[in-house]
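# Architecture at a glance
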Amino acid sequence: QVQLVESGGGLVQPGGSLRLSCAASLSRFSIYTMAWYRQAPGKQRELVTSITSGGRTYYADFVKGRFTISRDNAKNTVYLQMNSLNPEDTATYYCNAFFGGSDYWGQGTQVTVSS
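Residues numbered from 1 in each chain as written. Predicted model: local features only at pLDDT ≥ 70, side-chain atom pairs only at ≥ 80, totals over all residues. Heavy atoms only, no water.

So, about the sheet that holds strand β3 (residues 18–24). Spatially, β1-β3-β8-β7 is the arrangement adopted by the four strands of the open sheet, whose pairing is antiparallel. The sheet is open, and its two edges are formed by β1 (4–7) and β7 (67–72), each paired on a single side. Ignoring strand direction, the axes of neighbouring strands in this sheet form an average angle of 15°. Where β7 meets strand β8 (residues 77–82), six bridges bridge the pair, whose relative direction is antiparallel. Within β8, the residue paired with F67 across the bridge is M82. (Pairing = 2+ DSSP bridges. Helix = DSSP H or I, 4+ residues; strand = E, 2+ residues; numbered from the N terminus. Axes fitted to C-alpha atoms, helices over the stretch in contact; angles between N-to-C directions.)

In C-alpha coordinates, the structure reads:
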(Lines give C-alpha, C1' and ligand atoms only; values in the text may rest on other atoms or scores of the structure.)
Protein backbone atom coordinates (compact mmCIF):
# COMPACT_ATOMS: atom_id res chain seq x y z
CA GLN A 1 0.00 0.00 0.00
CA VAL A 2 1.36 3.37 -1.03
CA GLN A 3 1.87 5.87 1.75
CA LEU A 4 2.86 9.51 1.63
CA VAL A 5 3.78 10.85 5.06
CA GLU A 6 4.17 14.57 5.54
CA SER A 7 6.06 16.14 8.42
CA GLY A 8 7.50 19.47 9.47
CA GLY A 9 4.37 21.53 9.94
CA GLY A 10 3.73 23.67 12.97
CA LEU A 11 3.24 27.15 14.31
CA VAL A 12 5.53 29.89 13.05
CA GLN A 13 5.57 33.66 13.34
CA PRO A 14 5.07 35.88 10.30
CA GLY A 15 8.33 36.17 8.41
CA GLY A 16 9.51 32.82 9.66
CA SER A 17 10.42 29.63 7.85
CA LEU A 18 9.43 25.99 7.85
CA ARG A 19 10.61 22.96 5.94
CA LEU A 20 8.09 20.29 5.08
CA SER A 21 9.04 16.76 4.15
CA CYS A 22 7.07 14.03 2.43
CA ALA A 23 8.34 10.48 2.57
CA ALA A 24 6.80 8.20 -0.04
CA SER A 25 6.63 4.43 -0.04
CA LEU A 26 6.71 4.27 -3.83
CA SER A 27 8.75 1.61 -5.54
CA ARG A 28 9.57 3.89 -8.47
CA PHE A 29 9.54 7.24 -6.74
CA SER A 30 11.80 8.90 -9.28
CA ILE A 31 9.28 8.65 -12.12
CA TYR A 32 6.54 10.47 -10.24
CA THR A 33 5.73 14.13 -10.43
CA MET A 34 5.61 15.29 -6.84
CA ALA A 35 3.59 18.24 -5.70
CA TRP A 36 2.48 20.19 -2.66
CA TYR A 37 -1.08 21.42 -2.34
CA ARG A 38 -2.69 23.34 0.44
CA GLN A 39 -6.16 23.90 1.75
CA ALA A 40 -7.19 26.66 4.08
CA PRO A 41 -10.43 26.48 6.10
CA GLY A 42 -13.41 27.23 3.88
CA LYS A 43 -11.32 27.27 0.72
CA GLN A 44 -10.62 24.83 -2.07
CA ARG A 45 -7.44 22.84 -2.23
CA GLU A 46 -4.89 24.62 -4.40
CA LEU A 47 -1.63 23.66 -6.06
CA VAL A 48 1.37 25.30 -4.45
CA THR A 49 4.29 23.79 -6.32
CA SER A 50 5.39 20.71 -8.22
CA ILE A 51 8.52 19.01 -9.45
CA THR A 52 8.70 16.53 -12.31
CA SER A 53 10.84 13.44 -12.59
CA GLY A 54 13.26 15.53 -14.62
CA GLY A 55 13.44 18.25 -12.01
CA ARG A 56 11.26 20.81 -13.75
CA THR A 57 9.48 22.96 -11.20
CA TYR A 58 6.30 24.96 -11.11
CA TYR A 59 5.31 27.53 -8.50
CA ALA A 60 2.03 29.27 -7.95
CA ASP A 61 2.38 33.03 -8.16
CA PHE A 62 1.55 33.46 -4.49
CA VAL A 63 4.69 31.52 -3.41
CA LYS A 64 7.20 32.46 -6.09
CA GLY A 65 10.42 33.65 -4.56
CA ARG A 66 9.45 32.39 -1.11
CA PHE A 67 9.00 28.62 -1.41
CA THR A 68 11.35 26.03 -2.89
CA ILE A 69 10.51 22.45 -3.79
CA SER A 70 13.18 19.79 -4.05
CA ARG A 71 13.38 16.03 -4.15
CA ASP A 72 15.81 13.35 -3.07
CA ASN A 73 15.12 10.25 -5.12
CA ALA A 74 17.55 8.19 -3.05
CA LYS A 75 15.42 8.88 0.02
CA ASN A 76 12.02 8.81 -1.72
CA THR A 77 11.40 12.21 -0.23
CA VAL A 78 10.21 15.58 -1.46
CA TYR A 79 10.75 18.78 0.47
CA LEU A 80 9.13 22.18 0.64
CA GLN A 81 11.23 25.00 2.03
CA MET A 82 8.95 27.85 2.99
CA ASN A 83 10.42 31.26 3.77
CA SER A 84 8.89 34.65 4.50
CA LEU A 85 5.71 33.02 5.68
CA ASN A 86 2.65 35.17 6.20
CA PRO A 87 -0.74 34.47 7.79
CA GLU A 88 -2.26 33.81 4.36
CA ASP A 89 -0.02 30.73 4.13
CA THR A 90 -1.91 29.13 7.01
CA ALA A 91 -3.35 25.87 5.71
CA THR A 92 -3.08 22.14 5.72
CA TYR A 93 -0.35 21.17 3.28
CA TYR A 94 -0.70 17.95 1.33
CA CYS A 95 1.85 15.95 -0.57
CA ASN A 96 0.82 14.43 -3.91
CA ALA A 97 2.45 11.90 -6.22
CA PHE A 98 1.25 11.58 -9.78
CA PHE A 99 2.24 9.38 -12.70
CA GLY A 100 -0.02 8.21 -15.48
CA GLY A 101 -3.19 6.95 -13.86
CA SER A 102 -1.68 6.76 -10.40
CA ASP A 103 -2.46 9.58 -8.02
CA TYR A 104 -1.58 9.41 -4.33
CA TRP A 105 -2.11 11.80 -1.42
CA GLY A 106 -0.75 12.19 2.06
CA GLN A 107 -2.81 12.98 5.13
CA GLY A 108 -1.56 16.52 5.36
CA THR A 109 0.41 18.60 7.83
CA GLN A 110 -0.85 21.78 9.42
CA VAL A 111 1.01 25.04 8.96
CA THR A 112 -0.11 27.97 11.06
CA VAL A 113 1.44 31.40 10.65
CA SER A 114 0.53 33.64 13.53
CA SER A 115 2.07 36.02 16.01
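That shown, we press on.
The next subject is the state of the cysteines. Applying the stated criterion to the full structure yields one disulfide. For C22, the disulfide goes to C95, at an S-S distance of 2.1 Å. On the sign convention where negative means left-handed, the S-S torsion of about -80° between C22 and C95 marks this disulfide as left-handed. In this pair, C22 sits in strand β3 while C95 sits in strand β9 (residues 91–99), placing the two residues 73 residues apart along the sequence. Here C22 matches C95 in class, with each residue buried. (Disulfide = S-S within 2.5 Å. Buried < 20%, exposed > 50% of the residue type's maximum accessible area, 1.4 Å probe, protein only.)

A few words now on the side chain of T92. Relative to the helices and strands, T92 resides in strand β9. Its relative accessible area of 18% is what places T92 among the buried residues. Among the polar contacts made by the side chain of T92, one reaches the side chain of Q110 at a distance of 2.9 Å. Once residues lying within four places of it in the same chain are set aside, the contact partners of T92 are Y37, R38, Q39, G108, T109 and Q110. (Polar contact = N/O pair within 3.5 Å; in protein donor to acceptor, adjacent residues only side chain to side chain. Contact = heavy atoms within 4.5 Å.)

Quantified by volume, the largest pocket comes out at close to 180 Å³. Around the largest pocket, the lining is made up of 14 residues, and of these R38, A40, K43, E46 and E88 lie nearest the centre. Residues that form the lining of the largest pocket fall into these classes: four nonpolar, four polar and six charged. (1 Å grid on protein atoms, 1.4 Å probe; cavity = no way out; pocket = protein on both sides within 12 Å on 5 of 7 lines; lining within 4 Å. Points joined across faces, edges and corners; volume = space filled by probe spheres on them. Nonpolar A, V, L, I, M, F, W, Y, C, P; charged D, E, K, R; others polar.)

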